[in-house]
Structure formats: structure tokens, C-alpha cells
Amino acid sequence: MTKITADNLGRGAFVYIRQSTADQLLNNPESRRRQYGLANRARQLGWTTVEVIDDDLGRSGGGIKRPGFERLLAAICEGRVGAVFAIEASRLARNGRDWHTLIEFCGLVGTVIVDEDGIYDPRHPNDRLLLGMKGTMSELELSLFRQRSQEALKQKARRGALFLSVAAGYVRAGRDRIEKDPNQRVQEALSLIFAKFTELQSVRQVHVWLRDEGIVLPVACHRAAEERSIVWRLPLYNTVHNILTNPVYAGAYAFGRTMSKVSVKDGRKRVDRGLRRPQSEWDVLLKDQHEGYITWSEFERNQRVIANNATGKGSAVTGAVRRGELLLAGLLRCGHCGRKLYVGYGGKAGRYYCQGALVNHGTARCISFGGLRADNAVGTQVLRVLKPLGIDAAVKALAAQTGETSAAQRQLDLALQEAHFAAAHTRRQYDAVDPANRLVAGELERRWNEALQVVHRLEGEIAELEAKKPAPLGEKERQHLMRLGADLELAWSHPAATAETRKRILRAALHEIVVRIEGGIIQMVLHWQGGDHTALQLKINGAGKHRWMVPEDTLSLIRELARLMPDQQIARLLNRAGKPTGRGNGWTKARVCSFRSHHGIAVYRDGEWVARGELTLEAVAQGIGVSIMTALRMVRRGIIKGRQPCSGAPWVIKVEDLAAYRTQKPSRHSLTSNSAQESFQFQ
């Protein structure tokens, strides 16, 4: 008792209380009572001011942040602490840094440490040595406990018998085995997730579809005070992702899929738990341990699809199907630098380009080309390969449409069966109670009413789905679908076929496309999913070339007609000749004028014919004294030289050609094809 001085009694006594885990808080109340009882011992030893610090209940002493311990150190440094009370020294700290810091501060200000074994003054060498040994033994003890428990867990995990928790869809069968949940509703809900992922190929799309359809999923609920139970909730994205990435649903036992990372932040140890590890680094992986919802090969294929959908995770992944009209986004790889090609949209048209060299080296882009011709060429190749599968796809589409019930309605039917069972169960409970016991009967009646309300709600949802269910396909629709299956090109270009659907078809057939541009030629190598390769070449468009351009023959014709007639007559002639604009529209005076201005073609001026020494057919007929039809026959037979830009355009005869005709001898041949036709010479 000589270690407790008046100076110590003049300051306060601090009782530090700590339990390491929440489980200890719940199941070890006696230890907590013993620690709180130290306040009475402090008063018995002579302290009148006693302060209890219990901020660290449920916190480990192994080095994580402890606000209560920090408050204790602050009070010691302020000189307000005469003694620190704890059941045993290990309660104060389980790591050397905190423990020796506490001893150092207590020695500086003369604070004693009291536990059930005795009183220690850190200023005395013997007590300091003893406290140091106790702290070291406490730290070693914690390490040994942790090592033993972890090795025991790993040993059990190597046998595939360690189940800290059981995923939804499975139940324990004994102490070291699991099996499928016998609840058919649970099984079909989980099977639906895997089926929809096979169809949609995207975790996000599966999640959106489930939310849109209002389908709830089973979630395992673990409560310490209750047994494990299943609750039904609308899915979150993480719920769907965890189900698709958990190997337990493939019949495999896995242990060590996550890890903890220790770092130092603000002078304290920080532990980040739940970090995912690659499959090659898992501690234990045992396949075919129990019945799965999918096979292991399907699980591995799903993981490849999920990893490949991770947009922005480097150039090795394709990325998920995204919005946009261009179909090859994510599939193209530059044959010059090996990086993925990006997509850029300017207006309605889009382009593929590689900017890897620009970003990494500051040089020019490797390649850049328009996307429409490339999409059409690749789509044609894919349709050629998939053509034999068209009929099979149409048959499967008919079978899917003629199914008895949709997935959403099936889930509601199973939920309704559960609701009927719950309502019948509550009714039996209500019937079994003594009517005079109104306290119990009233509660059971309330439960019965709630169960009946659930039944009524589910019946209403099923009726609403039935009302929205589309009518079965008629014979005409069936025949149309079979025609689309037989003619994949028609189905590909059908207005109801979206760009997203075409992208999924391309990704199902193609693994990657390597593209190069050399000598004005786009060289593409199509890598099919089966391992085959197809070479494809496209001529790259020059500057200013696009799909809305007017053909060269039409451009040449307009150049020639602009020297012969005004814009209004040119428009009429082009429309009669069946030559549309670049966008497939008819010509108008304004369009001809705009086209001329764009191509630098001068407007027609009166007197151009005379200036060039050219005559019309009417002027020639008048000059030689014949009718217009006779002059036309003479020009067509070559008697008089002339030219016509196109059918319906005016004939153009040079003045010198007409003069040459006049110097010739009169022809003895008939101007018509009829040999009996005679020529009359009038005096």
C-alpha cells in the first residue's frame, strides 16, 4: 500500500472497461460486472473521485482505434489520473505500442496501475519490468489465440466442412454439409437469375429486369438471437452480383476468397476487410462438393462475361453493350498499336478511332475510319455464318412465346402458395385458441387478417399480369416469324430490330476484330468465338465522301445541263430521269441551285448557246427548212452531227456541223427505216 501516495489519492481514479467483441458483450455479462466492480475497489483504497471509461466495449485491444483508451491517455498527460484500474493488464492493450506508451506516460506523471494481482508503479524498475513482461505476454497470447483459431479453421476448410454462414438457396445438412433448400420458390428464383444472365449477358441488365418485373429474391437473414431465416426483398445490384459470382451455386466449396489489408493511418492500424482475391489465390477450392444450380463450366463462363463487361478496366476487356448506333464498339482492336478502338459520334454518323498513341506518346492517332461501311460489312459476314441457325432460332422463339406462364407470374404463383399456407396456419392457430382468452385470440385474429391481405394482394398482382399478357401468335404471325428465321438479312434490317440486339448477336459470334489501314484499304481480321478467322478488306472513303453523296454520273450530268437550261428545267429533267438526290429525295429548283453552289457550277445564262456556236434542234430545222421531227431523224441517223446529254435533254448541234451538212450532196436514202418511203423534191 506504500505505492499509493497522497498525491495519487488527490487525483482521480480511472476504471478502464473493455470487451473485445460484440459476442462477448452479449454472452459474457459476468466479466463486464467484474470490471464495473473495480469502481468500488477504488473507493475502498481511498479514492473519492472515480471515473469509468467504457467507450471501448466491443473493440479489440490489438491496435485499432479506441476512443476510450485515447481519452485515458489524454487524462494521464493532463495529470488528472492518480491510478488506472483494470481486471488485468491485458485489458489495457494487446499491442506493444499502446502498452509501452501507457507505461511511459504513467511513469512521467506518477500514475499507478492497479489490477487484481497488485499495484504497480511504473517509476520503479522492478514494476516497470514486470509490466513490460505482462504486456509482452498479453500480446503473445493474443497472437497464439489467433494463430490456433485460424489454423483450426483452415484445417476444417481443407475438408470442405467449414460453414461460417450458408448462402440463400442452401440449408445445413448436419454439421459439415449443405444441400439445396427444399423450398421450390427459393430454387426457382435463383435458377431464374442464372437463366436471365445467360440471356442478357449483363449483371446490370438482370438487376433492371428483376426490378421492372417486381420479382423478389431470397436473402439469408442471420440474427444472433434467432435462427437463420429467409426473407424476400426486391433485389439490389450487389445481391445479384454476389449470387452470380459465388462459387457455392456451382456446387463448389471455396474458402479464402477475400483478404484483409493492414495499413497505418493517422498513427493507428487500419484493417480493410473483404478485399476480393483472384481465384488462383483462394486458400481452398473443392469442386463438386454439393448439388449446384449451374455447372462449373457455366460458372467460369459467367465470370469471363462479367470481367469482360467491366468498361474502363483496361484494354484487355471488351466492355458491356452500350448505347449508340455503331455495332462494333468494344470488339475492334488496333492492328498497329494493339489498343482498343474508341467510338466517336459527330451528328448522326459515328467513327472508330485509336487514340492510344496520342494519349501515351503525344503522337498522331493510329487509325480513324467511318463506322457505317464497317458495320455493314461485318454484319454481312456474321449473317452469312449464322444463316443455318436462323430456323432453329425462330422455332425456339415460338416455343418461348407459347410457354404456359412468364417468369414473373411463376414467382407470384409460388408466393401465393406460401401465402395460402401461412393463412391456413394462422387460421388453425386461431381455431385452436380458447375464444374466452381474448388477449391471445385478438392477436391471432390480427395475424390471420394480415395473411389474408397478403393472399388478396398476390391474387390481384397475378390477375394484373394475366390482363397484360399478350395474345398468342396467330398463324399469320407464326409464318412471318418463320420467314424471318429463314431470311436473316430481313430480320437483321427489320425496323423492330434494335442496335442493342444486333450488338449482342455480333458479340455472340465474334471474339475480337483486329483492324489495320494500309494504302487506303481497311484490313480487318474477324476472330470468331470458335477460334476461326476471316479476313475482310474495305476501301476507305476519301475526304468529303459520305453515304449521302450524289453519284458521279449525276454530278457530270448536272454540270452539262447547267450549260443548257435553267435550274427549274434541270430539276424536272432529273426527276423524269429517275435520278434522286443523295438522300433519295426529288429535285427542286432550290436543291439544284444549292447543289451547283456547293460544287462551283455556274448558273445558266441567256445567250450561252450562241456564244459557244451551238444550235437547238428547232433552230436547225428552221435553218434547213424541214420539220422538227425530220431534223430529229436526221440527227439520230448521223446525217447531222449532234449530241444529247441524256434522254429528254435538248439536242445540241454545232454551227460548223450544220455547215458541213449543207456542203454535202443530198442523200438518196430515206430518212426513215421504211424502204418504201420516197422523198419529194419540190421546185
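Just above, that's the structure.
### Looking at the pattern of salt bridges
- Tallied over the full model, the rule gives 32 salt bridges.
- Where Lys 579 meets Asp 553, a salt bridge forms, and the shortest distance between an N and an O atom there is 3.7 Å. Taken together, the positions of Lys 579 in the loop between helix H21 (567-576) and helix H22 (589-599) and Asp 553 in helix H20 (residues 552-561) put the pair 26 residues apart, joining distant regions of the chain.
- Residue Lys 579 is classed as partly exposed on the basis of its relative accessible area of 23%.
- Residue class for Asp 553 comes out partly exposed when judged on its relative accessible area of 45%.
- Taking the shortest distance from any N to any O, the salt bridge between Arg 596 and Asp 567 comes out at 2.9 Å. One end of the pair, Arg 596, is in helix H22; the other, Asp 567, is in helix H21, with 29 residues separating them in the sequence.

### Quick look at the packing of aromatic side chains
- A full pass over the atoms with the stated rule returns 12 aromatic pairs.
- Here the aromatic rings of Tyr 170 and Tyr 293 are separated by 5.6 Å at their centres, their planes lie at 85°, and the arrangement is edge-to-face. Taken as a pair, Tyr 170 in strand S6 (residues 170-172) and Tyr 293 in the loop between strand S13 (284-286) and helix H11 (296-308) lie far apart in primary sequence, 123 residues in all.
- Judged by relative accessible area, which is 0%, Tyr 170 ranks as buried.
- Ring geometry for Tyr 430 versus Trp 448: centroids 5.5 Å apart, planes at 40°, classification tilted. Residue Tyr 430 is found in helix H15 (residues 407-432), and its partner Trp 448 is found in helix H16 (residues 438-468); the two are separated by 18 residues along the sequence.
- For the cation-ring pair, Arg 204 lies above Tyr 237, with the distance from its terminal atom to the ring centre recorded as 4.1 Å.

### Here's the deal with the packing of helix H10 (residues 237-245) against H11
- Following both chains from N to C, one finds H10 and H11 inclined at 135°, their axes separated by 9 Å at the closest point. Of the possible angle classes, the one that applies to H10 and H11 is oblique. Across the interface between the two elements, His 241, Leu 244 and Thr 245 from H10 touch Phe 299, Gln 303 and Ile 306 from H11.
- A breakdown of the residues in the contact of H10 with H11 according to their chemical character gives three nonpolar, three polar and no charged.

### Thoughts on the pairing of strand S11 (residues 258-265)
- Relative to strand S12 (residues 268-276), S11 is paired through seven bridges, and the arrangement is antiparallel. Counterpart to Val 264 in the pairing with S12 is Lys 269.
- From the end of S11 to the start of S12, which pair antiparallel, there are two residues, and Asp 266 there has a positive phi angle of about 55°.

The rules behind the values
Residues numbered from 1 in each chain as written. Predicted model: local features only at pLDDT ≥ 70, side-chain atom pairs only at ≥ 80, totals over all residues. Heavy atoms only, no water. Salt bridge = Lys/Arg side-chain N within 4 Å of Asp/Glu carboxyl O. Helix = DSSP H or I, 4+ residues; strand = E, 2+ residues; numbered from the N terminus. Buried < 20%, exposed > 50% of the residue type's maximum accessible area, 1.4 Å probe, protein only. Phe/Tyr/Trp six-rings, centres within 6.5 Å; stacked < 30°, edge-to-face > 60°. Lys NZ or Arg CZ within 6 Å of the ring centre and 35° of its normal. Axes fitted to C-alpha atoms, helices over the stretch in contact; angles between N-to-C directions. Parallel < 35°, antiparallel > 145°, perpendicular 65-115°, else oblique. Contact = heavy atoms within 4.5 Å. Nonpolar A, V, L, I, M, F, W, Y, C, P; charged D, E, K, R; others polar. Pairing = 2+ DSSP bridges.

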